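The primary structure of each chain is shown beneath.
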Amino acid sequence: MNESFTTLTGTAVPLLRNNIDTDAILPSRFLTRINETGKDGFGGFLFGDWRFEKDEKTPKPDFVLNAPYYKDAKILLARDNFGCGSSREHAVWALKGYGIRCVIAPSFGEIFFNNCFKNMVLPLVLDEASIEAIAAQIAEGQREVSIDLEAQTVTAPDGTTFTFDIDGARKETLLKGLDAIGVTLEGWDEIKAWQDADRAKRPWNYLD
Amino acid sequence: MSQPRTLFQKIWDDHEIKDFGNGYSLLHVDRDIMHDLLGSLVFEPLDKRGMKMPNPELHFATMDHGIETETGRTDETKIAGGKAGVQGLRRKCKEYGITMFDLGDERQGICHVFTPEQGIALPGSTLICGDSHTSTIGGLGLLAWGAGLTEIEHVLATQTIVAQKPKTMRINFEGKTAPGVTAKDMILYTIGQLGAKAGNGYVVEYAGEAVRALPVEARLTMANMSIEMAARYGMIAADDTTFDYLKGRPYAPKGEMWDKAVEYWRTLPTDDGAVFDREETIDATKIVPMITWGTSPQDVIGVDGHVPDPAKAGDADKKAYLERALAYTGLTPGAAIEDTPIDVAFIGSCTNARISDLRAAANILKGRKVADGIQAWCVPGSGLVKKEAEAEGIDKVFKEAGFEWREPGCSMCVSLGGDKFKQGGRAISSTNRNFENRQGVGVRTHLASPEMVAAAAVTGKVTDIRKLAS
Ligand code: SF4
């Protein structure tokens, strides 16, 4: 729960398509698996329809994540509007469950973007040209990419460094591994005082 | 004098515990509604901390999403993990002292149907639920929206939510609607006019004469489809119609408390002169019975209209869009949508499965028969809707016409349970989403009002309700 995100070094896998929606990231028929697998158990269903044949087991040989050298990928490169579509948080869990802690794309679906921070996954916004440059190196077999959140840099396999922007509060959430419930509960007295005052004003809203 | 404020702003102000200053605030959550898909998992942070919930009495739960809707159902579901969800949620609600309307309880039903029905949702309050159509409940004049699982965990533990303040939009309906036009047609028409992305980042308030004229259940239908316009919240100010609807419901305030509540609720409607970030006007007199032709709710035309022709599209993007949608729905460009043969007719979902919807459909079905070869289903929105319908003999009308009369749940709205339509079939449905494969593999969904669904069921093809009724 209190994991944080500071630096990340690992294999980056390019999935250079536009508008990869949450239904592609995690097809809806897997949603109810949550009560068997928990949030951490969705990795096996990531990109379910693209990764596997109809039997949901046999890997499709031409899907990029099935290449042996991408098996342990920690970073995903994509194009515009990654994570658009339905609001399911399961999409983030599937990425994380697989081991991907950072998605680099020029833009993201809004709800997906928010959900990433709640799960200590970094949605990293980088311009298309930089992403293409990194992808070109990966295509040549150099696949290791590093991210330093504190410094706000991405280091490509050949050592080239790109900087990225991130909202200060969100950066802090990741760096400190802030647990939202814990933070709010620290201010419980304030919430309680608010509730007491509100109870006097709108007593019908409280059902005890 | 204080600034004139919108309905939304008043509710926001009355629930803001802390403004974080970056567009986000900590809001009090007055009501939280849970369903079987959440299972036990959502309680994990509480379990880990070994803490009690501060206000379990403000939370309610039911089974609706993954369960079966056939008679004699049990906890078993055809979808993997469904049963674990049902039983996990039940166990946890017991443990934490949360009221649950379980399978077999007549109050069980689709979350957004039982919440107004029980008087759990009250004007001027905040309510969240783990389903994007929670906007439905805003039809009673409150701020209700769909939250993600991590947000619900936060609500269980703190009775608060960190929320981003939306921009405000008001949609004014001018004039009166014609006979045969329902709230479903009003909202479909609106989405068609403004587009499926228009409400992104907004809270939408529906206002104007035609909205004020709607009974509460119809207002819920309108607010329901706000999310189809990409708006997370939809609302309609509470008025005497709302108060009449709520009075006497099990969880609504009583006696002196009721009077105090009404007095407060009357202060909430948008003040004259309040400024919205965006205002839109809809000419209500132009609305006719609507039906979708494509794969987004914005792909909608009047039942007397024609399927768009990609060849006549203004630009290449538009052309590609139309081609793709028509490739899926298999309609002929330029053809009249009326008389398109259908295979399936479905009446159900939190959009249109309340008693008024069932009554309206039964009016059409009375003395008529479902056309040969049509699979026709009615899934009442809650156990109480079903009971009321049965007391009125509506179930008999449906059954005699040839409809299946099922147990309450989400059913074919989301097709998570075992409920399935024939592959590739053409369905006319009172639900809210006509996305590809939403109602089964290759199923082509046409959204319409329950009356239009009933009419198509008996003729076997898309039918103008105004012709059938006369
Ligand atoms: S009926 Fe459909 S839209 Fe409504 S709560 Fe159930 S799944 Fe969601």
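Residues numbered from 1 in each chain as written. Chains lettered and ligands numbered in written order. Predicted model: local features only at pLDDT ≥ 70, side-chain atom pairs only at ≥ 80, totals over all residues. Heavy atoms only, no water.

A. Region of interest: the packing of aromatic side chains. Per the counting criterion, the structure on display carries 26 aromatic pairs over all chains. Both rings, one in Phe108 of chain A and one in Phe112 of chain A, keep their centres 6.3 Å apart while their planes meet at 10 degrees; by these two values the pair is stacked. Like Phe112 of chain A, Phe108 of chain A is buried. Ring pairs connect the aromatic residues Phe82, Phe108, Phe112, Phe113 and Phe117 of chain A, which therefore count as one cluster. In this structure, Arg406 of chain B is placed above the aromatic ring of Trp377 of chain B, and the distance from its NZ or CZ to the ring centre is 3.8 Å. (Phe/Tyr/Trp six-rings, centres within 6.5 Å; stacked < 30°, edge-to-face > 60°. Buried < 20%, exposed > 50% of the residue type's maximum accessible area, 1.4 Å probe, protein only. Lys NZ or Arg CZ within 6 Å of the ring centre and 35° of its normal.)

B. Structural context of the pattern of salt bridges. All chains considered together, the criterion is met by 47 salt bridges over all chains. Residues Arg49 of chain B and Asp179 of chain A are paired through a salt bridge, measuring 2.5 Å at the closest nitrogen-oxygen approach. Here the residue Arg49 of chain B occupies a position in helix 2 (residues 44-49), and Asp179 of chain A occupies one in the loop between helix 7 (168-176) and helix 8 (180-186), the pair thus bridging two chains. Given a relative accessible area of 30%, Arg49 of chain B falls into the partly exposed group. (Salt bridge = Lys/Arg side-chain N within 4 Å of Asp/Glu carboxyl O. Helix = DSSP H or I, 4+ residues; strand = E, 2+ residues; numbered from the N terminus.)

C. Expanded view of the layout of surface pockets. All names here are of chain B. Estimates place the volume of the second largest pocket at around 340 Å³. Along the wall of the second largest pocket there are 22 residues; nearest its centre are Thr182, Ala183, Leu214, Pro215 and Ala218. When residues of the lining of the second largest pocket are traced back to their parent elements, those giving at least two are helix 6 (183-194), helix 7 (209-212), helix 8 (216-224), helix 12 (355-365) and helix 15 (450-459). Of the residues belonging to the lining of the second largest pocket, the class tally is 10 nonpolar, six polar and six charged. (1 Å grid on protein atoms, 1.4 Å probe; cavity = no way out; pocket = protein on both sides within 12 Å on 5 of 7 lines; lining within 4 Å. Points joined across faces, edges and corners; volume = space filled by probe spheres on them. Nonpolar A, V, L, I, M, F, W, Y, C, P; charged D, E, K, R; others polar.)

D. Representation of the sheet that holds strand 2 (residues 24-28) of chain B within the structure. Residue and element names in this part refer to chain B. Taken together, the three strands give an open sheet; going across it, the order is 1-2-8, and neighbouring strands pair in antiparallel fashion. At either margin of the open sheet sits one strand with a lone partner, and together these are strand 1 (16-19) and strand 8 (160-164). Neighbour to neighbour, the strand axes of the sheet diverge by 25 degrees on average, direction disregarded. As defined by bridge partners, strand 2 adjoins strand 8 across five bridges and the pair is classed as antiparallel. Considered in strand 8, the bridge of Leu26 is made with Val162. (Pairing = 2+ DSSP bridges. Axes fitted to C-alpha atoms, helices over the stretch in contact; angles between N-to-C directions.)

E. Structural detail: the sheet that holds strand 6 (residues 153-155) of chain A. All names here are of chain A. Strands sit in the order 4-3-2-1-5-6-7 across an open sheet of seven strands; the sheet is mixed. What marks the edges here is a single partner per strand, and that holds for strand 4 (122-125) and strand 7 (161-163). Ignoring strand direction, the axes of neighbouring strands in this sheet form an average angle of 30 degrees. With three bridges connecting them, strand 2 (residues 75-78) and strand 3 (residues 102-105) associate as parallel partners. Within the sheet, the bridge partner assigned to Leu76 lies in strand 3 and is Val103.

F. A look at the interface of chain A and chain B. Taken together, the contact between chain A and chain B spans 39 residues of the former and 55 residues of the latter. Both sides of the chain A and chain B interface together cover about 3800 Å² of buried area, and 61% of this is carbon and sulfur. On inspection of chain A and its partner chain B, the count reaches six salt bridges. With a closest N to O distance of 3.1 Å, Lys201 of chain A and Asp14 of chain B form a salt bridge. Joining chain A to chain B, the criterion identifies 13 residue pairs in polar contact (both at pLDDT 80 or more). Secondary structure elements with two or more residues in the side of chain A that touches chain B: helix 2 (34-37), helix 5 (110-118), helix 7, helix 8 and helix 9 (188-201) of chain A. No other element matches the eight residues that helix 9 of chain A contributes to the side of chain A that touches chain B. Within the side of chain A that touches chain B, the residues separate by chemical class into 14 nonpolar, 10 polar and 15 charged. (Contact = heavy atoms within 4.5 Å. Buried area = accessible area lost by both parts, 1.4 Å probe. Polar contact = N/O pair within 3.5 Å; in protein donor to acceptor, adjacent residues only side chain to side chain.)

G. Up close: the state of the cysteines. All names here are of chain B. Taken as a whole and judged by the stated rule, the model has zero disulfides over all chains. The cysteine Cys111 is free of any disulfide, with Cys129 supplying the nearest cysteine sulfur at 3.8 Å. Free cysteine: Cys378, not disulfide-bonded; nearest cysteine sulfur from Cys413 at 14 Å. (Disulfide = S-S within 2.5 Å.)

H. Representation of the site of the ligand in the model. As a matter of local geometry, the ligand sits amid His65, Ile110, His112, Asp131, His133, Ser349, Cys350, Cys410, Cys413, Val414 and Asn432 of chain B. Considered class by class, the residues forming the shell around the ligand number five nonpolar, five polar and one charged. (Near = heavy atom within 4 Å.)

I. Molecular detail of the packing of helix 6 of chain B against helix 8 of chain B. All names here are of chain B. The interhelical angle for the contact between helix 6 and helix 8, taken along N-to-C directions, is 25 degrees, at an axis separation of 8 Å. When the interaxial angle is binned, helix 6 and helix 8 end up roughly parallel. At the point where helix 6 passes helix 8, the crossing takes the right-handed sense. Two secondary-structure elements touch here, helix 6 through Ala183, Lys184, Met186 and Ile187 and helix 8 through Ala218, Thr221 and Met222. The class makeup of the residues in the contact of helix 6 with helix 8 is five nonpolar, one polar and one charged. (Parallel < 35°, antiparallel > 145°, perpendicular 65-115°, else oblique. Left-handed = near helix turned anticlockwise from the far one by under 90°.)

J. Seen up close, empty space enclosed by the protein. All names here are of chain B. Tallying each qualifying case throughout the model produces one cavity of 30 Å³ or more. Reported here for the largest cavity is a volume of approximately 30 Å³. Along the walls of the largest cavity sit Thr6, Leu7, Phe8, Thr168, Val203, Glu205, Met235 and Phe276, which together make up its complete lining. Elements supplying a minimum of two residues to the lining of the largest cavity: helix 1 (7-13) and strand 10 (202-207). Residue composition of the lining of the largest cavity, by class: five nonpolar, two polar and one charged.

K. Representation of the environment of Phe47 of chain A in the model. All names here are of chain A. Looking at the element boundaries, Phe47 is found in the loop between helix 2 and helix 3 (48-51). C-alpha separation for the pair Phe47 and Ala24, spaced 23 residues apart in sequence, amounts to 5.6 Å. Once residues within four sequence positions are removed from consideration, Phe47 is found in contact with Leu15, Ile20, Ala24, Ile25, Phe63, Leu65, Leu76 and Phe82.

L. View of helix 11 (residues 316-329) of chain B. All names here are of chain B. The end-to-end C-alpha separation of helix 11 is 20 Å, in line with the 20 Å expected for 14 residues at 1.5 Å each. Taken together, the buried residues of helix 11 touch strand 18 (426-429) and strand 19 (444-447). Structurally, the start of helix 11 carries an N-cap: the backbone nitrogen of Asp317 is 3.1 Å from a side-chain oxygen of Asp315. Looking at the residues trailing helix 11, positive phi occurs at Gly330, about 65 degrees. (Expected span 1.5 Å × (residues − 1).)

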